[in-house]
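Observations on the model geometry
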Amino acid sequence: MTKGPYKWLNKSLETLHKANWYRSEKTVSNLPGSTLELEGKTVINFASNDYLGLAGDERLIQSAIAAVEQYGTGSTGSRLLSGHRDLHSQLEQAIARLKQTEDALVFSSGYLANIGTIAAIVGSKDLILGDIYNHSSLKNGAKLSGATVIEYLHCDFKDLAAKLEENRHQYRRCLITTDSVFSMDGDICQVPDLLSLGKKYDCMVLFDEAHATGVMGKTGAGCVEHFGCSGEEMIQVGTLSKALGSLGGYVAGSATLIDFLRNRSPSWIYTTALSPADTAAALRAIAIVETEPQRRAKLGENVTYFKQELSKIIPLSKGKNPVNLPSESPIICLGLESAKTALIASEKLKEAGIFAPAIRPPTVPTSRIRFSLMATHTTQQIEELLTVIRQI
Ligand SMILES: *Cc1c(COP(=O)(O)O)cnc(C)c1O
C-alpha cells in the first residue's frame, strides 16, 4: 500500500512476522495485581515487574492523589527552570538513605537515567566495557556517549580482565557497566569481584539495579547491599517503575557525582521534571520498602517455593526444550529452542489461565518463557502455574 520512500516499512514488518519476531501490545483493564484482566479474560499474572505489589497499593494511590491536588498534574518545566518541587528533594533524599549514598538524582525514567549518566561521564577519549547481556538503556547510553565500547562475555570476569589488560592504558577514563540482576535471565552479577577489578584498573563501575531495588538486600536497597558493598564508591542506577510501583529512574552515588550530573546530564537537564503524582507515589513506596520487610520476605518465600517445585518437574539446567535456567532473583526462565515454540508455550499457558510472556530475539539471543514472581502471589496461584507446567 505505502509507496515511495516508506515502502520498506511493509517489507520489514513482513520479515518480522516470518521470523515470529513480530510483537504487539495487549490491553490490561484492571488495577495492577497478581491477576490480569486481559482482553476479557482473567489470568494469573506472572509477567509483572511490580514485585512487591505496590503499583495498586491504596497508600501509593492516595499519595499520588494528594500530590496532584497540591501540585497539579504536570511539573511544567525542567528541574533547573520551573519544574523543581520539594517532593523531588524528598524523594532524592529517601533514595540516598535507602542506598546509603551521599546523594541521588531522579530522572523521568530508568532508561533516561542510564543514557544521561553514561553520556555525561565518558566521551570520545574514553572506554566503556559492558556485559554483553546488558539492558538496552546501558547499550544505547554507551553509543550516545561517543566512547569506545567493548562488550565482555556474560558475567565472565576473566574475559573482562583480559580486555582491560589489553585496552585500558589506551584511554583516559574507563567505565564498566552491568545489570546487577539481569532482566532477561534473572541471574546476578558478582558485585564484589567487579568492584575489585574496577579498582585494579582504575575504572568507574556502574550497576543497574532496576530489578534489584526493593527486592534484593537486607533492607531492599538492591544487589550492592546483598553483597555487603554499600558505602563503596560506585555508580548505582535504578528505576522507580518496578518494585517501587511508580514511574521514573534514579542515580545514587557521591555528592560530587550527583552535583556533576545536575550540571552535565542532558537527559536530566533538557527534559520535564518527574510528575508530582509519580514522585509522591515513589516516595511512599520507599517508606513501605523500609517499614514492611515482610513483603520482601514473602517474595523470597514464593521464589524459593516455585524454584524448588519447578526443579522437581524440570531439573535445573538439564534437558533441552525446555531448560530450567538458574536464577537468584524473582525472574525465572524456561529456555525453548525457537521463537515459535516459545510463542506456542505462551499461548498454551494463556489458555490455561496463566500469563507469562515469550521473550524472543532480538531482546535475547535465545527464546524463553519468563515468569516473574510477586510478593502478592498466593501459594494457590503458584500451585496453579506448576500444574499447568506439568501438563504442557
Ligand atoms: C526496566 C529497566 C530499565 C529501564 O527502566 P524504566 O524506568 O522502565 O525506563 C533499565 N535497566 C534495566 C536493567 C531494566 O530492567
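All figures in this text were calculated on a predicted structure; none of them were measured in a lab.

1. Things to note about the sheet that holds strand β6 (residues 174-179)
One open sheet accounts for seven strands, arranged β3-β9-β8-β7-β6-β4-β5; its pairing is mixed. Looking along the sheet, the strands with just one partner apiece sit at the ends: β3 (103-107) and β5 (148-152). Each neighbouring strand pair of the sheet contributes to a mean axis angle of 20°, computed without reference to strand direction. Alignment of strand β8 (residues 235-239) against strand β9 (residues 249-253), held across four bridges, turns out to be antiparallel. By the bridge assignment, Gly 238 is partnered in β9 with Tyr 250. Packed onto the sheet, helix α7 (residues 157-167) meets β4 (127-131), β5 and β6 and runs at close to 150° relative to β5.

2. Some words on the layout of surface pockets
The gaps of empty space that remain are located by a probe, the size of a water molecule, rolled over the atoms. Here the largest pocket defines a volume of roughly 1,400 Å³. Of all the secondary-structure elements, those providing two or more residues to the lining of the largest pocket are β1 (35-38), α6 (136-145), α14 (339-351) and β13 (358-359). Top element by residues in the lining of the largest pocket is α14. It accounts for four residues. Of the residues belonging to the lining of the largest pocket, the class tally is 20 nonpolar, 18 polar and 11 charged. Counting residues domain by domain, the lining of the largest pocket receives three or more from each of domain 1 (26-46 + 293-391) and domain 2 (58-291). Considering only enclosed or pocket space, the second largest pocket measures out at about 400 Å³ in volume. Lining the second largest pocket are 19 residues, and of these Met 204, Val 205, Glu 233, Met 234 and Ile 235 sit closest to its centre.

3. Topic: the pattern of salt bridges
This model, assessed by the stated rule, comprises 17 salt bridges. Arg 59 is paired through a salt bridge with Glu 292; the nearest N and O atoms lie 2.6 Å apart. Taken together, the residues Arg 59 in helix α2 (residues 58-71) and Glu 292 in the loop between α12 (276-291) and α13 (293-313) connect sequence positions 233 residues apart. The exposure class assigned to Glu 292 is buried, which follows from its relative accessible area of 16%.

4. Observations concerning the state of the cysteines
With the rule as written, the count across this model stands at zero disulfides. Left unpaired, Cys 223 is separated from the closest cysteine sulfur, that of Cys 189, by 7.4 Å. A relative accessible area of 0% places Cys 223 in the buried class. Of all cysteine sulfurs, the one in Cys 223 lies closest to Cys 229, which takes part in no disulfide; the gap is 9.6 Å. For Cys 229, a relative accessible area of 3% translates into the label buried.

5. Things to note about the packing of α7 against helix α8 (residues 191-200)
Orientation of α7 relative to α8, taken along the N-to-C sense of each, is 10°, at an axis distance of 11 Å. Considering the angle they form, α7 stands roughly parallel to α8. Contacts from Phe 157, Leu 160, Ala 161 and Leu 164 in α7 reach Asp 193, Leu 194 and Leu 197 in α8. When grouped by side-chain class, the residues that make up the contact of α7 with α8 number six nonpolar, no polar and one charged.

6. Some thoughts on the pairing of strand β2 (residues 41-45)
Note: β1 against β2, four bridges, orientation antiparallel. In the sheet register, Leu 36 faces β2, and the bridge partner there is Val 43. What sits between the antiparallel neighbours β1 and β2 is a turn of two residues, in which Glu 39 has the positive phi angle 45°. Two strands pair when backbone bridges link them, and β2 and strand β12 (residues 354-355) are joined in this way by two bridges, in the parallel orientation. From the neighbouring strand, Ile 44 faces β12, where its bridge partner is Ile 354.

Procedures and definitions
- Residues numbered from 1 in each chain as written.
- Predicted model: local features only at pLDDT ≥ 70, side-chain atom pairs only at ≥ 80, totals over all residues.
- Heavy atoms only, no water.
- Pairing = 2+ DSSP bridges.
- Helix = DSSP H or I, 4+ residues; strand = E, 2+ residues; numbered from the N terminus.
- Axes fitted to C-alpha atoms, helices over the stretch in contact; angles between N-to-C directions.
- Contact = heavy atoms within 4.5 Å.
- 1 Å grid on protein atoms, 1.4 Å probe; cavity = no way out; pocket = protein on both sides within 12 Å on 5 of 7 lines; lining within 4 Å.
- Points joined across faces, edges and corners; volume = space filled by probe spheres on them.
- Nonpolar A, V, L, I, M, F, W, Y, C, P; charged D, E, K, R; others polar.
- Domains from an automatic or database assignment.
- Salt bridge = Lys/Arg side-chain N within 4 Å of Asp/Glu carboxyl O.
- Buried < 20%, exposed > 50% of the residue type's maximum accessible area, 1.4 Å probe, protein only.
- Disulfide = S-S within 2.5 Å.
- Parallel < 35°, antiparallel > 145°, perpendicular 65-115°, else oblique.

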